[in-house]
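Coordinate inspection notes
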Amino acid sequence: MGKGRLEAFSDGVIAIIITIMVLELKVPHGADMAALMPLIPVLLSYVLSFVYVGIYWNNHHHMLHAASVIDGRVLWANLHLLFWLSLIPFATGWMGENHFAPVPVALYGAMLFMSSLAYLILERALVSRNANNSPLVLAVGKDYKGPISSTLYLLAVPLSFVHVWLAFAVYIGVAILWFLPDRRIEKYLQH
C-alpha cells in the first residue's frame, strides 16, 4: 500500500488544525498596547499549540518518509493520532480564554498525553510493518523521548491543580525537547 495518500491526508488535516487555531484569535478592540493585554493568555496558548502541531507534523513527516510500507493498521493508527491532534484547537481556546485555569490546563495536558500515546501507537504500527533493517526500525529502536514525554504530560495533568504554571512549564519543557526533528531518522536515511 502506498503512503502518498496517507501523507497528503495527514498534511491536509494538520493544515486545517492550524487554520482553525488562527481563526480563533480575536482582534483586540482598541489600537493601543493595553488592548492586547487581555489577549496575552490566548496568544501564549496559540504559540504553544502552534509549536506542538509543528513538532507533530515535522516528526510525522520524517517517520513516514523513513517507512517503506504501510497497511490498514497504520491507516487506523494515523487516524487515531489525527483525532487527538484535531482537539488541539478546542483545548487551546479553552485554556487561553480562561486565562490558564486549572481544569482547562489539565485538559490540555490530557490531550497532549493522548496525542503522544497515539503517536507512539502509530510508530509501533509502522515499525511492525517495516523490515527489521529499514531506516525507520533502526532509527526508532531505542525511543526514549516518546515515553518520557508521555509520562511528563500525564504528570502535568494533576500538577495543573497544584499550580498551573508548573504544568505549563512541563508543556514548554517537552516542546523544547521535541523542537527539532528526530535526528536518528535523518541519520539512518543518509546511509
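Here's what I pulled together on the structure shown here.

Criteria and cut-off values
Residues numbered from 1 in each chain as written. Predicted model: local features only at pLDDT ≥ 70, side-chain atom pairs only at ≥ 80, totals over all residues. Heavy atoms only, no water. Core = buried A, V, L, I, M, F, W, Y, C linked by side-chain atoms within 4.5 Å. Buried < 20%, exposed > 50% of the residue type's maximum accessible area, 1.4 Å probe, protein only. Helix = DSSP H or I, 4+ residues; strand = E, 2+ residues; numbered from the N terminus. Salt bridge = Lys/Arg side-chain N within 4 Å of Asp/Glu carboxyl O. Polar contact = N/O pair within 3.5 Å; in protein donor to acceptor, adjacent residues only side chain to side chain. Contact = heavy atoms within 4.5 Å. Phe/Tyr/Trp six-rings, centres within 6.5 Å; stacked < 30°, edge-to-face > 60°. Lys NZ or Arg CZ within 6 Å of the ring centre and 35° of its normal.

Across soluble globular proteins, you tend to see nonpolar side chains buried next to one another. With 50 residues, the main nonpolar core has Tyr52, Tyr108, Leu126, Leu136 and Tyr171 as its most contacted residues. Listing elements by their share of this core, those giving two or more residues are helix 1 (4–23), helix 3 (40–66), helix 4 (72–86), helix 5 (88–97), helix 6 (102–129), helix 7 (135–140), helix 8 (145–162) and helix 9 (164–178). Per-element tally for this core: the top contributor is helix 6, with 11 residues.

Another aspect to go through is the pattern of salt bridges. According to the stated counting rule, one finds three salt bridges in the structure shown. Two residues, Arg129 and Asp71, come together in a salt bridge whose shortest N-O distance is 3.5 Å. Of the two residues, Arg129 is situated in helix 6 and Asp71 in the loop between helix 3 and helix 4; the sequence distance between them amounts to 58 residues. By relative accessible area, which is 36% here, Arg129 ends up partly exposed. For Asp71, a relative accessible area of 16% translates into the label buried. With a closest N to O distance of 3.5 Å, Glu123 and Arg124 form a salt bridge. Residue classification places Arg124 among the partly exposed positions, given a relative accessible area of 44%. By sharing partners, the salt bridges in this structure join Asp71, Arg73 and Arg129 into a single network.

Tracing the sequence through the fold places Ser160 in helix 8. Here Ala106 takes part through its backbone nitrogen, which lies 3.4 Å from a polar atom of the side chain of Ser160. A polar atom in the side chain of Ser160 sits 2.9 Å from the backbone oxygen of Ala156. What Ser160 contacts, discounting residues up to four positions off in sequence, is Pro102, Val105, Ala106, Ala167 and Tyr171.

In this structure the tally under the stated criterion is nine aromatic pairs. Ring pairs connect the aromatic residues Phe100, Trp165 and Phe168, which therefore count as one cluster. Note that Lys145 overlies the ring of Trp178, its terminal NZ or CZ placed 4.3 Å from the centroid.

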